Amino acid sequence: MWCRRLACLFKVPCQLSGSARHRSPWLPRDRRTGLAAAAARWHHTAPESLKCAWQLHGDHLELRYANTLMRFDFVWLRDHCRSASCYNAKTNQRSLDTASVDLGIKPKAVRVDETTLFLTWPDGHVTRYGLEWLVKNSYEGQKQQVMHPRILWNAEIYRQAQVPSVDCRSFLETDEGLKEFLQNFLLYGIAFVENVTPTKEDTQILAERISLIRETIYGRMWYFTSDFSRGDTAYTKLALDRHTDTTYFQEPCGIQVFHCLKHEGTGGRTLLVDGFYAAEQVLRQAPDQFELLSKVPLKHEYVENVGGCHNHMIGVGPVLNVYPWNNELYLIRYNNYDRAVINTVPYDVVHRWYAAHRTLTTELRRPENELWVKLKPGKALFVDNWRVLHGREAFTGYRQLCGCYLTRDDVLNTARLLGLQA
């Protein structure tokens with residue numbers, strides 16, 4: 001909603017009545033001082049409408065626009081100026097030296113027209129902001145947005161969605177196929193590519209279509225059978241409970257690729273569970289437990305002394321990781337195999353943490369949340385390791401699996417370049 005040109009500026013009488021003329025009802029009393037108490041007034045387009053209105057305070061500008069009430073610190077307004085002398089539009093980088101901005105800076109003039117806020121600073125420099133840009137980039141605007149749109153799912157929701165696999169040739173050779181794949185992956189946290197030649201080399205070509213391969217202690221492309229060649233339960237024929245990988249890294253790997261090259265035997269189905277769906281149930285049922293799981297830091301550990309492999313990895317972080325401004329979940333770190341001794345939590349919190357962990361585990365283990373998939377040669381699976389837990393049932397016979405970890409930044413970069421929100 002665009003506002004009409006203001007008929008007048010600082011001299012326009014405030015349309016609020018009584019003492020409300022001189023203070024903002026949204027601010028605490030200790031902020032209603034100085035200029036805010038003495039001279040702050042709402043300025044807007046017309047008495048009958050407050051769709052676009054602003055008010056100048058001692059240390060910030062208050063703006064109501066598009067049903068959003070926003071507060072902008074004066075230093076912030078000077079720091080984010082997009083004029084040619086302050087911001088390089090070619091490189092999309094700031095030119096202004098933030099440390100040189102006076103922390104007590106105040107605009108000497110403010111003007112608003114239908115689309116733009118104009119600020120004139122004491123040195124005569126003029127800063128212009130589009131009102132829509134301010135809504136999008138304000139703290140209050142961010143609280144109303146999500147960073148990554150998603151569709152949370154249990155097994156039935158996913159089946160009913162009938163999410164299509166993408167053909168390998170379309171994935172490798174066309175932007176349309178790649179974009180369809182990435183859209184599925186961003187929304188659901190899993191995506192499949194069909195008709196892949198069942199070799200490690202072809203799986204690598206597939207992975208490199210969307211990202212650099214992240215080299216870890218397991219190498220670039222990992223390839224294993226049930227030979228227990230590494231000190232990890234994954235290298236056996238045993239069932240694996242749901243978990244996320246590399247919780248013992250300071251930053252767990254973002255995406256992993258699985259491709260079953262050969263299986264001569266029975267069992268071995270892959271289990272997939274949307275960890276964000278389960279966490280959402282905890283948030284609804286027990287918000288205090290959700291908060292505890294998002295704030296209590298834990299250690300995860302990987303100790304390996306097998307053959308020539310000697311590793312001791314430790315990663316620290318809460319089970320649930322959220323953006324603090326909108327409480328949006330972006331990472332789940334859940335692996336009961338690799339969780340280390342709990343020694344980062346005071347005794348009076350430990351029991352409550354165990355209760356919260358039990359609530360989350362109960363949701364993760366509900367049968368209706370389990371999606372079982374039989375991986376076969378030619379069908380590659382991409383999993384968002386920050387969101388979707390995976391496991392497997394026990395199996396018999398000879399089974400070859402290959403895959404790799406991908407760098408999350410590169411996958412999201414590929415998606416953004418194709419016009420997707422990521």
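So, how was this worked out
- Residues numbered from 1 in each chain as written.
- Predicted model: local features only at pLDDT ≥ 70, side-chain atom pairs only at ≥ 80, totals over all residues.
- Heavy atoms only, no water.
- Buried < 20%, exposed > 50% of the residue type's maximum accessible area, 1.4 Å probe, protein only.
- Helix = DSSP H or I, 4+ residues; strand = E, 2+ residues; numbered from the N terminus.
- Contact = heavy atoms within 4.5 Å.
- Phe/Tyr/Trp six-rings, centres within 6.5 Å; stacked < 30°, edge-to-face > 60°.
- Lys NZ or Arg CZ within 6 Å of the ring centre and 35° of its normal.
- 1 Å grid on protein atoms, 1.4 Å probe; cavity = no way out; pocket = protein on both sides within 12 Å on 5 of 7 lines; lining within 4 Å.
- Points joined across faces, edges and corners; volume = space filled by probe spheres on them.
- Nonpolar A, V, L, I, M, F, W, Y, C, P; charged D, E, K, R; others polar.
- Pairing = 2+ DSSP bridges.

1. Some remarks on helix α10 (residues 287-295)
Link 1 in the chain: For α10, the complete set of buried residues consists of Gln289, Phe290, Leu292, Leu293 and Ser294.
Link 2 in the chain: Tucked inside the fold, the buried residues of α10 contact α9 (275-285), β19 (320-322) and α11 (347-364).

2. Some remarks on the packing of aromatic side chains
Link 1 in the chain: Taken as a whole, this structure holds 18 aromatic pairs when the rule is applied.
Link 2 in the chain: Three or more aromatic residues joined by ring pairs make a cluster, and in this case those are Phe72, Trp76, Tyr129 and Trp133.
Link 3 in the chain: If you follow Arg82 out to its NZ or CZ, it ends over the ring of Tyr87, 4.0 Å from the centre.
Link 4 in the chain: For the cation-ring pair, Arg399 lies above Phe395, with the distance from its terminal atom to the ring centre recorded as 5.1 Å.

3. Focus: the environment of Lys143
Link 1 in the chain: Assignment of secondary structure puts Lys143 in helix α4 (residues 139-143).
Link 2 in the chain: Here Lys143 falls in the partly exposed class, since its relative accessible area comes to 43%.
Link 3 in the chain: Separated by 183 residues in sequence, Lys143 and Asn326 have C-alpha atoms that sit 4.7 Å apart.
Link 4 in the chain: Setting aside anything within four residues of it in sequence, one finds Lys143 in contact with Trp325 and Asn326.

4. Re empty space enclosed by the protein
Link 1 in the chain: Throughout the structure, instances matching the rule amount to three cavities of 30 Å³ or more.
Link 2 in the chain: Here the largest cavity is characterised by a volume of approximately 110 Å³.
Link 3 in the chain: His148, Pro149, Arg150, Phe185, Leu186, Ile255, Asp384, Arg408, Leu412 and Gln421 are the residues that line the largest cavity.
Link 4 in the chain: If you list the elements that add at least two residues to the lining of the largest cavity, you get α7 (175-188) and α12 (408-417).
Link 5 in the chain: Of the residues that constitute the lining of the largest cavity, the class distribution is five nonpolar, two polar and three charged.

5. Details of the layout of surface pockets
Link 1 in the chain: Looking at the second largest pocket, its volume works out to about 220 Å³.
Link 2 in the chain: As for the second largest pocket, its lining consists of Val146, His148, Arg150, Leu152, Phe276, Ala279, Glu280, Leu283, Phe290, Asn327, Glu328 and Leu329.
Link 3 in the chain: Among the elements that take part in the lining of the second largest pocket, α9 stands out by supplying four residues, more than any other.
Link 4 in the chain: Classifying every residue of the lining of the second largest pocket by side-chain character gives seven nonpolar, two polar and three charged.

6. Looking at the pairing of strand β7 (residues 109-112)
Link 1 in the chain: Only one face of β7 is covered, namely the one carrying Val110 and Val112; the face carrying Ala109 and Arg111 has none of its residues buried.
Link 2 in the chain: Summarising the sheet, β7 and strand β8 (residues 116-120) pair through four bridges and their orientation is antiparallel. The residue of β8 that forms the bridge with Val110 is Leu119.
Link 3 in the chain: Connecting β7 to the antiparallel partner β8 that follows it, the hairpin turn spans three residues.

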